[in-house]
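As a plain string of letters, each chain reads:
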Amino acid sequence: MTKKIAFWIFLLGTLSSAVLFLGLTVDTHRQVASLSHADKLSENVVAGKRAFEKYNCNDCHTILGFGGYYAPDLTKVVQRVGEDGVRYRVRHPEEAFAKSARKMPQQHVSEVEIENLVAFFNWVGEIDNGDWPPQDSKKRLSRSEQRLSLGAAVSPGAAVFQTKGCMNCHSLHGVGGTFGPVLDTIGRKLTVEQIEHYINNPKSVNPNAKMPPQTELSDRERDEVAKFLGNLK
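- As named in an unreviewed UniProt entry, the protein chain is C-type cytochrome, taken from Geomobilimonas luticola.

Structural data, given as structure tokens:
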């Protein structure tokens, strides 16, 4: 290969890469408004972002791929724990994380700021960001689904309960969260069918329920975890 040919390869490669990069940049900026739902960027959402920065939430939490890795990712936090779950954790972190290895300080966030944070998290969760983060992706085969498909020795319902975040709020035999009721003997109070219905739509059973509908569960996962809980007597 001569120097002249090498020069033209370098030049054409550089120019084509630059054109491609600029084209993708322009296309991305053109779609920002629709991908981020800019029409829903209300004053509450903006105020929530400011509260998020005021209390340095990014020091511990990741959001949209940026931040610390000490605490859970907050990109899809509303879809994961519900609005009331967010409110409870911000108001009473000492209770919500009493039995967790990871602790959250009491920031004394005002009620107005809490509502603004909820609005901000709702808006962020609806951004079309290429199905990020992967752990909250609807396309991802969860550990419980893997165990179900492989027919592992562990109880399928127990696998769902452990890997789908149920223990973030509920506890069994003293292990788990404190936000939701203790489920050690839930089978004495509710049938399997009632538990499955409650998991699917909590507020249809109890209008004051703070638990969000578990829409992320597949039909089989919901059925298996209901059977598991129904046997706890």
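Structure's up, so let's keep going.
1. As for the overall build of the protein chain
- For the protein chain, the count of helices and strands is eleven helices and four strands.
- The C-alpha radius of gyration computed for the protein chain amounts to 23 Å, which surpasses the reference 17 Å derived for 233 residues by more than 25%, pointing to a less compact arrangement than a globule.
- Over its C-alpha atoms, taken along the principal directions, the protein chain stretches across nearly 80 × 50 × 35 Å.
- Among the 233 residues that make up the protein chain, the fraction classed as buried is 34%.
- By sequence separation, contacts in the protein chain at least 24 residues apart represent 56% of the contacts at least 6 residues apart.
- For the protein chain, the exposed surface amounts to about 14500 Å²; the carbon and sulfur share of it is 59%.
- Across the protein chain, the centroid of the 29 positively charged side chains sits 5 Å from that of the 26 negatively charged ones.

2. A few points about the domain arrangement of the protein chain
- For the protein chain, the assigned domains read domain 1 (1-35), domain 2 (38-126) and domain 3 (137-230).
- The centre of domain 1, based on its C-alpha atoms, is set 39 Å off from the matching centre of domain 2.

3. Some details on the packing of helix 9 (residues 192-200) against helix 11 (residues 219-230)
- Here helix 9 crosses helix 11 at 130 degrees, and the two axes come no closer than 8 Å. Of the possible angle classes, the one that applies to helix 9 and helix 11 is oblique. Like other packed secondary-structure pairs, helix 9 and helix 11 cross with a definite hand, here right-handed. Contacts from Val192, Ile195, Glu196, Ile199 and Asn200 of helix 9 reach helix 11 at Arg222, Asp223, Val225, Ala226, Lys227, Leu229 and Gly230.
- For the contact of helix 9 with helix 11, the residue count by class is six nonpolar, two polar and four charged.

4. Structural notes on the pattern of salt bridges
- Inspection of the entire model under this criterion finds ten salt bridges.
- Glu113 serves as the salt-bridge partner of Lys54, at 2.9 Å between the closest nitrogen and oxygen. Of the two residues, Lys54 sits in helix 2 (residues 43-54) while Glu113 sits in helix 5 (residues 111-125), which places them 59 residues apart along the sequence.
- For Lys54, a relative accessible area of 53% gives the class exposed.
- Glu83 is the partner of Arg87 in a salt bridge, and the nearest nitrogen-oxygen pair spans 3.4 Å.

5. Remarks on unusual backbone geometry
- Of note, Leu64 is a non-glycine position whose phi angle comes to about 55 degrees, a positive value.
- Along the chain, Leu64 turns up in the loop between strand 1 (62-63) and strand 2 (66-67).
- For His173, which is not glycine, the phi torsion reads 55 degrees and is therefore positive.

Rules used in this analysis
- Residues numbered from 1 in each chain as written.
- Predicted model: local features only at pLDDT ≥ 70, side-chain atom pairs only at ≥ 80, totals over all residues.
- Heavy atoms only, no water.
- Helix = DSSP H or I, 4+ residues; strand = E, 2+ residues; numbered from the N terminus.
- Rg over C-alpha atoms; globule rule 2.2 N^0.38 Å.
- Buried < 20%, exposed > 50% of the residue type's maximum accessible area, 1.4 Å probe, protein only.
- Contact = heavy atoms within 4.5 Å.
- Areas by Shrake-Rupley, 256 points an atom, 1.4 Å probe, with all protein chains shown as cover.
- Lys, Arg positive; Asp, Glu negative; His and termini not counted.
- Charge placed at Lys NZ, Arg CZ, Asp CG, Glu CD.
- Domains from an automatic or database assignment.
- Axes fitted to C-alpha atoms, helices over the stretch in contact; angles between N-to-C directions.
- Parallel < 35°, antiparallel > 145°, perpendicular 65-115°, else oblique.
- Left-handed = near helix turned anticlockwise from the far one by under 90°.
- Nonpolar A, V, L, I, M, F, W, Y, C, P; charged D, E, K, R; others polar.
- Salt bridge = Lys/Arg side-chain N within 4 Å of Asp/Glu carboxyl O.

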